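# A closer look at the structure
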Amino acid sequence: MCGITGYIGDSQAAPVLLGALKKLEYRGYDSAGIAVLDEGTITVRKAKGPLSALEEKLADAVITGSLGIGHTRWATHGEPSDINSHPHTDVSGQIAVVHNGIIENYLSLKEWLQTREVVFRSETDTEVIAHLINFYYTGEKASGGMPKPGFGEPPLLRAVQNALERLEGSYALAIAVADYPDRIIAARKDSPLVIGLGQGENLIASDIPALLPHTRDVIYMEEGELAVLYRDHVELINAQGGRVIRAPSRVEWDAEAAEKGGFAHFMLKEIHDQAKALSDTLRPRIKNGGIVFEEFDFENFSFEACAGEAKRIVITACGTAWHAAMVAKYAFEHFARIPVEVDIASEYRYRNPVPGEKDLVIIISQSGETADTLAAMRLAKKGGNRILAITNVVGSTLAREADLTLFTWAGPEIAVASTKAFTTQLMCLYLLALKLARVRSRVTEGAYRNYIDELARLPLLAEELLSKQKLIQRFASRQFNKTKVFFMGRQFDYAISLESALKLKEISYTHSEAFAAGELKHGPIALVDKNTLVVAIATQTALFDKIISNIKEISARGGASLVITWEDNPFGPVADEVFTIPKTLDPFSPMLAIIPAQLFAYYCSIQRGNNPDKPRNLAKSVTVE
Ligand code: M6R
């Protein structure tokens, strides 16, 4: 998804903007650009392709100026091209805009502007914003309202406010205007934007890693807010036009946490981060052998009361987070014996769901900014449900709008394919399931404590498992050319099969699907031939026999098989390969069983010559529908 940034300070803006855009690359993009303001002139440079293409263009010319805005574009309206790249300017070239989001009514605005002689250069929705601001700004200037710093709302701000009022859809915007060399204007609606407060410089960006080389003091912009960034201070204005004072938050994690730390790719690093991340998610919530959610001690929402009363749990999310929800369904039903309904957020939001008065609604999102997930959350809220969010991003829209939030504490996840966010989401969900089980007296105090002790072993077991990555690497080097890879399992293992298939297709571009192993004979077996690899996830001991039969059926049709299972298992004689994971309780297996599947996807991607961190067509944070 697009990344935006802006800089105003004493340094040269161009290198700062390029540095920030590099930190936003993980979001996925197909072109990039910057606009720098100097002595009343805005210079724009943009290029299709990786940032290096833009850097090449910049190498030919010295672009001076200490105010600028920058953008990495992930095409939505109009193909990736130099012209469609941001920044976009108005007809005069005096107003430059970068945008993340989608302007849904851009066609009608474009037609309206065209009737006023505006000539469009690009196919983007964003260009209308630059022209609209120009339309209102020219009007303001014509009516005598020239810029008078310190004399109430300057015409520029009024022009931006008027333009924003006409926009339907989502936006994070940074705007530079030649008449105003002392400020950048930023605005947000349904797309994230963070302000970085530096010494004699201020910045804006879609995400924190872009700010960290300059500052750890940040302000998360709220829905509908405008910000005016000067060199030495920042003004915030809410949707009603009132001034807002908000204390900055301090970013506690290190910039290095967002770097590769010696690994070839962010994805591999993040797979390896999982042992620590699981521990970071678990430890703060264990007090005296029990589970304590200190974040839930709010007057109006006692988790204990809500969980105790809940008749049903509804979980909704997208992609990998939805797979975490699938695992949670089995965990909640197994431990707490409470019915769980799981829905993909994009389905939930349009299917006219029936909210139950005593539903506990859980929304899961790594980024906390996924458009469909936020829409589902708002719908559930409107239906009167209390919202418990699980997210990795402090200050995200989800965290701010939910009634309660459990943070996954996974640290920044940069690779597009989610790994440590998934396992830490699972850890949060298991903690909730066990707490709920105890609150509802579904487990004895003794069993509850034993379960917690076992959860606490998982980081170590993950470490042990990761030390065997070479075995998976070797297996991937033999199998990466398979044209079809299926994952199958039962119950918890079915949920992990779904996530495993997603990982493989995302980064290796291999056609991979998951199915419940019991469904094999109901259709998928028709596809099995000698070009097929079937990976069975088999951690539910009571169902081992069933999986043995499934594997025999695959071998009989020429398919190759790999089983991911416990060390003590019966699969050696039937499967082509067995990869073992250290033993924990069967219901806790998902937090371990996914790790070999992540590694398999990673190494297949490498073997196929792909960049696993930036898979084609995908974005890290899907902030549009
Ligand atoms: O940020 P979110 O967890 O809401 O993102 C949801 C999905 O877009 C995300 O999990 C996606 O499927 C990943 N690329 C999976 O690796």
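Procedures and definitions
- Residues numbered from 1 in each chain as written.
- Predicted model: local features only at pLDDT ≥ 70, side-chain atom pairs only at ≥ 80, totals over all residues.
- Heavy atoms only, no water.
- Axes fitted to C-alpha atoms, helices over the stretch in contact; angles between N-to-C directions.
- Helix = DSSP H or I, 4+ residues; strand = E, 2+ residues; numbered from the N terminus.
- Parallel < 35°, antiparallel > 145°, perpendicular 65-115°, else oblique.
- Left-handed = near helix turned anticlockwise from the far one by under 90°.
- Contact = heavy atoms within 4.5 Å.
- Nonpolar A, V, L, I, M, F, W, Y, C, P; charged D, E, K, R; others polar.
- Domains from an automatic or database assignment.
- Buried area = accessible area lost by both parts, 1.4 Å probe.
- Salt bridge = Lys/Arg side-chain N within 4 Å of Asp/Glu carboxyl O.
- Polar contact = N/O pair within 3.5 Å; in protein donor to acceptor, adjacent residues only side chain to side chain.
- Disulfide = S-S within 2.5 Å.
- Near = heavy atom within 4 Å.
- Areas by Shrake-Rupley, 256 points an atom, 1.4 Å probe, with all protein chains shown as cover.
- Buried < 20%, exposed > 50% of the residue type's maximum accessible area, 1.4 Å probe, protein only.
- Pairing = 2+ DSSP bridges.
- Right-handed = clockwise from strand over helix to strand, strands pointing away.

### Digging into the packing of helix 14 (residues 445-466) against helix 18 (residues 590-607)
Packing of helix 14 against helix 18 brings their axes to within 9 Å, and their N-to-C directions diverge by 25°. Relative to helix 18, the element helix 14 lies roughly parallel. Considering the relative orientation of helix 14 and helix 18, their crossing is right-handed. Contact residues: Leu 455, Leu 458, Leu 461, Ala 462, Leu 465 and Leu 466 in helix 14; Met 591, Leu 592, Ile 595, Pro 596 and Leu 599 in helix 18.

### Description of the packing of helix 13 (residues 420-439) against helix 14
Packed helix pairs are specified by the crossing angle of their axes together with the interaxial distance, meaning the distance between the axes. Relative to each other, helix 13 and helix 14 sit at 170°, their axes nearing to 10 Å. Put simply, helix 13 runs roughly antiparallel to helix 14. Mapping the contact onto sequence places Met 427, Tyr 430, Leu 431, Leu 434, Lys 435 and Arg 438 in helix 13 and Glu 445, Tyr 448, Tyr 451, Leu 455 and Leu 458 in helix 14. The residue makeup of the contact of helix 13 with helix 14, split by class, is eight nonpolar, no polar and three charged.

### Concerning the domain arrangement of the protein
On domain assignment, one finds that the protein holds domain 1 (3-256), domain 2 (260-463) and domain 3 (468-612). A straight line from the C-alpha centre of domain 1 to that of domain 2 covers 34 Å. Facing eleven residues of domain 1, the contacting portion of domain 2 comprises twelve residues. Interface of domain 1 and domain 2: buried area, both sides summed, is about 930 Å²; carbon and sulfur atoms make up 54% of it. Looking at the side of domain 1 facing domain 2, the largest losses of area belong to Tyr 26, Asp 190 and Tyr 220, adding up to 44% of the total buried there. Scanning the region where domain 1 abuts domain 2 turns up two salt bridges. Joining domain 1 to domain 2, the criterion identifies three residue pairs in polar contact (both at pLDDT 80 or more). Of the residues that constitute the side of domain 1 that touches domain 2, the class distribution is six nonpolar, no polar and five charged.

### Observations concerning the state of the cysteines
Here, disulfide denotes a covalent bond that connects the sulfur atoms of two cysteines. By the definition in use, this model includes zero disulfides. With no disulfide partner, Cys 318 has as its closest neighbouring cysteine sulfur the one in Cys 2, 18 Å distant.

### Let's talk about the site of the ligand
Close to the ligand lie 15 residues; Ser 365, Gln 366, Ser 367, Thr 370 and Glu 506 are nearest. At 3.0 Å from an oxygen atom of the ligand is found a main-chain nitrogen or oxygen belonging to Thr 320. At a separation of 2.6 Å, an oxygen atom of the ligand approaches a polar side-chain atom of Ser 365. Notes on the ligand: free accessible area 420 Å², of which the protein chains cover 91%. Secondary structure elements with two or more residues in the shell around the ligand: helix 9 (319-336) and helix 16 (492-508). Class assignment of the residues belonging to the shell around the ligand gives a composition of six nonpolar, seven polar and two charged.

### Description of the environment of Phe 544
Of note, Phe 544 is situated in helix 17 (residues 544-555). Here the alpha-carbon distance between Phe 544 and Asp 529, two residues 15 residues apart in the chain, equals 23 Å.

### Section: the pairing of strand 21 (residues 386-391)
Counting buried positions along strand 21 gives five out of six residues, so the element sits mostly inside the fold. Strand direction decides the pairing type here: strand 20 (residues 359-365) and strand 21, joined by six bridges, are parallel. Paired with Ile 364 across the strands is Ile 390, a residue of strand 21. One crossover worth recording links strand 20 to the parallel strand 21 by way of helix 11 (residues 371-382), and it is right-handed. Summarising the sheet, strand 21 and strand 22 (residues 404-407) pair through four bridges and their orientation is parallel. Bridged to Thr 391 within strand 22 is Phe 407.

### So, the sheet that holds strand 20
Taken in spatial order, the five strands of this open sheet run 19-18-20-21-22, and their pairing is parallel. Each end of this open sheet is capped by a strand with a single partner; those strands are strand 19 (340-344) and strand 22. When the angles between neighbouring strand axes are averaged without regard to direction, this sheet yields 20°. Here strand 18 (residues 312-317) runs beside strand 19; their pairing, made up of five bridges, is parallel. Within strand 19, the residue paired with Thr 316 across the bridge is Asp 343. Sheet contacts for helix 9: strand 18, strand 19 and strand 20; angle to strand 19, the most-contacted strand, approximately 170°.

### Here's the deal with helix 7 (residues 274-282)
Counting buried positions over the nine residues of helix 7 gives seven, a clear majority of the element. Those residues of helix 7 not exposed but buried are Gln 274, Ala 275, Ala 277, Leu 278, Ser 279, Thr 281 and Leu 282. Where helix 7 is buried, its residues touch helix 6 (266-272), strand 16 (286-287), helix 13, helix 14 and helix 18.

### Let's talk about the sheet that holds strand 23 (residues 484-489)
Ordered in space as 24-23-25-26-27, the five strands form an open sheet in which the pairing is parallel. The two strands at the open ends of the sheet, each matched to only one other strand, are strand 24 (511-516) and strand 27 (577-581). Here the average twist between neighbouring strands, direction ignored, is 20°. Pairing of strand 23 with strand 25 (residues 532-538) involves five bridges; the strand directions are parallel. Bridge pairing links Val 485 to Leu 533 in strand 25. Together, strand 23, strand 25, strand 26 (560-566) and strand 27 form the strand contacts of helix 18, whose direction differs from that of strand 27 by roughly 130°.

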